[in-house]
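# Overview (structure and organization)
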Amino acid sequence: MDMTQLYRIVDVESPDEFKYYDNMSALLESEEYIETEDIAELLFEIDLEILEETMDTFFEEYLTHIPDEESDLYILIEEIKRVMMGRITNLNSEDAAYMLAEEINRFRKWYALDTNAFDLKSGYEVTMMDARYNIASSKFTGEEFKYDYSTAYDYEFDGYDVAVSDMIMKENDID
């Protein structure tokens with residue numbers, strides 16, 4: 001895949017146009033194979049504040065659609081979000097961009113490609129993305145969805161480092 005194809009996926013013509021929730025959603029929800037290097041190249045060119053904001057918005061929106069009784073799933077998504085946000089906080093080199101891109105591809109595989117949710121009503125396995133959108137749509141359709149997420153909890157985290165001083169400075173908006 002070349003960068004033009006990746007820009008088409010995220011609906012931009014250049015990295016400076018990557019500004020909205022829809023751009024991040026398109027990246028994280030794409031079912032197309034995207035090279036980690038291509039994602040890293042894109043990430044390294046995006047304004048960090050915008051990258052952080054769009055990533056945060058994506059995960060906050062996801063969290064709003066998790067049923068109340070699924071506290072383990074909520075905690076898992078929160079942890080994935082923390083890992084991603086920690087990688088963005090330390091995005092100061094091409095190596096750091098590559099590490100975030102690896103994390104994004106790990107999430108994409110788990111979320112949009114692998115079937116990690118078992119539909120208790122139909123008996124089919126679906127992706128986490130499909131389960132999320134089915135639950136969100138149920139508010140409008142009245143259809144009930146209930147999933148077993150036990151295989152989803154096998155999400156593998158790669159360690160990440162965040163300097164405490166960076167977190168404090170970021171929290172207090174200190175440069």
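The coordinates are above.
Presented here is a report on the structure given in the accompanying data block. (Residues numbered from 1 in each chain as written. Predicted model: local features only at pLDDT ≥ 70, side-chain atom pairs only at ≥ 80, totals over all residues. Heavy atoms only, no water.)

### As for the overall build of the chain
Secondary structure assignment for the chain yields eight helices and three strands. Listing every helix and strand of the chain by position from the N terminus yields α-α-α-α-α-α-β-β-α-β-α. Residues counted as buried form 43% of the 175 residues belonging to the chain. A separation of at least 24 residues holds for 67% of the contacts in the chain among residues at least 6 apart in sequence. Entry remark: accessible area of the chain is about 9,800 Å², with carbon and sulfur atoms responsible for 47%. (Helix = DSSP H or I, 4+ residues; strand = E, 2+ residues; numbered from the N terminus. Buried < 20%, exposed > 50% of the residue type's maximum accessible area, 1.4 Å probe, protein only. Contact = heavy atoms within 4.5 Å. Areas by Shrake-Rupley, 256 points an atom, 1.4 Å probe, with all protein chains shown as cover.)

### Considering the packing of helix α2 (residues 21-29) against helix α4 (residues 48-64)
At a closest axis distance of 9 Å, the pairing of α2 and α4 adopts a crossing angle of 70°. Put simply, α2 runs roughly perpendicular to α4. The handedness of the crossing between α2 and α4 comes out as right-handed. Along the contact surface, α2 presents Tyr21, Met24, Ser25, Leu28 and Glu29, while α4 presents Leu51, Thr54, Met55, Thr57, Phe58 and Glu61. For the contact of α2 with α4, the residue count by class is six nonpolar, three polar and two charged. (Axes fitted to C-alpha atoms, helices over the stretch in contact; angles between N-to-C directions. Parallel < 35°, antiparallel > 145°, perpendicular 65-115°, else oblique. Left-handed = near helix turned anticlockwise from the far one by under 90°. Nonpolar A, V, L, I, M, F, W, Y, C, P; charged D, E, K, R; others polar.)

### Some points on the side chain of Arg132
Mapped onto the fold, Arg132 is located in helix α7 (residues 128-141). Overall, the relative accessible area of 3% leaves Arg132 in the buried class.

### Concerning the sheet that holds strand β1 (residues 115-119)
One open sheet holds the three strands; their spatial order is β2-β1-β3, and the pairing between them is antiparallel. Two strands lie at the open edges of the sheet, namely β2 (125-127) and β3 (147-148), each paired on one side alone. Of the pairings in the sheet, the one linking β1 to β2 comprises three bridges and is antiparallel in character. For Thr115, the partnering residue across the bridge sits in β2 and is Thr127. Those strands touched by α7 are β1, β2 and β3, and its axis lies near 90° from that of β2. (Pairing = 2+ DSSP bridges.)

### Side note on the environment of Asn134
Along the polypeptide, Asn134 turns up in helix α7. Using a relative accessible area of 24% as the deciding quantity, one classes Asn134 as partly exposed. Taking the C-alpha atoms as reference points, Asn134 and His65, separated by 69 residues in sequence, lie 9.6 Å from one another. Every residue in contact with Asn134, bar those within four places of it in the chain, is listed here: Phe145 and Tyr147.

### Remarks on α7
The end-to-end C-alpha distance of α7, which contains 14 residues, comes to 19 Å, matching closely the 20 Å that a straight helix rising 1.5 Å per residue would cover. Regarding α7, the residues found buried are Met128, Met129, Ala131, Arg132, Ile135, Ala136 and Ser138. (Expected span 1.5 Å × (residues − 1).)

### Points about the pairing of β1
Counting the residues between successive antiparallel strands, the hairpin from β1 to β2 contains five residues, one of them, Gly123, with a positive phi of roughly 85°. Pairing geometry for β1 and β3, over two bridges, is antiparallel. Following the sheet pairing, Asp119 is matched in β3 by Tyr147.

### Observations concerning unusual backbone geometry
Here the phi dihedral of Asp11 falls at roughly 60°; this positive angle occurs in a residue that is not glycine. Mapped onto the elements of the fold, Asp11 is located in the loop between α1 (3-9) and α2. Here Asp11 falls in the exposed class, since its relative accessible area comes to 65%.

### Examining the packing of aromatic side chains
Enumeration according to the criterion identifies 12 aromatic pairs in this entry. When the ring of Phe58 is compared with that of Tyr111, the centres are 5.9 Å apart and the planes differ by 85°; the resulting orientation is edge-to-face. Of this pair, Phe58 sits in helix α4 while Tyr111 sits in helix α6 (residues 94-113), and the two are 53 residues apart along the sequence. Among the residues examined, Phe58 registers a relative accessible area of 0% and is labelled buried. Here the aromatic rings of Tyr62 and Tyr111 are separated by 5.4 Å at their centres, their planes lie at 55°, and the arrangement is tilted. Of this pair, Tyr62 sits in helix α4 while Tyr111 is found in helix α6, placing the two residues 49 residues apart along the sequence. With a relative accessible area of 0%, Tyr111 lands in the buried category. Ring-pair connections join several aromatic residues into one group, and the members of that group are Tyr21, Phe58, Phe59, Tyr62, Phe107, Trp110, Tyr111, Tyr155 and Phe157. For Arg132, the ring lying beneath its charged end belongs to Phe58, and the centroid distance is 5.1 Å. (Phe/Tyr/Trp six-rings, centres within 6.5 Å; stacked < 30°, edge-to-face > 60°. Lys NZ or Arg CZ within 6 Å of the ring centre and 35° of its normal.)

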